[in-house]
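# Results of the structural survey
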Amino acid sequence: MTETPEARIKRMKMRSWRRGTKEMDLVLGPWADAHLDALSPAQLDEYEVLLAENDQDLMAFIFGQARPAPAIAPLLDQITLFARDRLRKV
């Protein structure tokens, strides 16, 4: 059975909020809630690749300690800026 676009986004939001580390939950969860509904299918595919990364690697990418794969770098830059802006408002 094929997954509907709505079910895919719901699954991806849940995966964004339940990463395994609270830090990544708080980075990816709010971004997913704010942006996933507006992404194209191709952009959702990119986000699926990002979700497959482990939390430690994602944190290293966000903190600039490692370089992400080119396929996810632009999306990860957007997420990093969103998280930084969000934290500045707290």
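Attention here is on the structure that accompanies the text. (Residues numbered from 1 in each chain as written. Predicted model: local features only at pLDDT ≥ 70, side-chain atom pairs only at ≥ 80, totals over all residues. Heavy atoms only, no water.)

## A word on the nonpolar core
Note the threshold: In plain words, nonpolar cores are sets of buried Ala, Val, Leu, Ile, Met, Phe, Trp, Tyr and Cys residues tied together by side-chain atoms within 4.5 Å. We call a residue buried when its accessible area falls under 20% of the maximum for its residue type, exposed when it is over 50%, and partly exposed in between, using a 1.4 Å probe and counting protein chains only. A helix here means a DSSP run of H or I that spans at least four residues, while a strand means a run of E at least two residues long, and both kinds are numbered starting from the N terminus. Two residues form a contact once any of their heavy atoms are found within 4.5 Å.
Among the nonpolar cores identified, the biggest contains 22 residues, and Leu28, Leu36, Tyr47, Leu50 and Ile79 are the most heavily contacted of them. Every element with two or more residues in this core is listed here: helix 1 (5–17), helix 2 (22–35), helix 3 (41–51), helix 4 (55–62) and helix 5 (73–88). Excluding residues that lie within four positions of it along the chain, Leu50 makes contacts with Leu28, Leu58, Ile72, Leu75, Leu76 and Ile79.

## Focus on the pattern of salt bridges
Convention followed: Each reported salt bridge corresponds to a side-chain nitrogen of Lys or Arg within 4 Å of a carboxyl oxygen of Asp or Glu.
Applying the stated criterion to the full structure yields seven salt bridges. A salt bridge links Glu48 to Arg11; the nearest nitrogen and oxygen atoms lie 2.6 Å apart. Placement of the pair is Glu48 in helix 3 and Arg11 in helix 1, with a sequence separation of 37 residues. Overlapping salt bridges bring together Glu3, Arg8, Arg11, Asp45 and Glu48 as one network.

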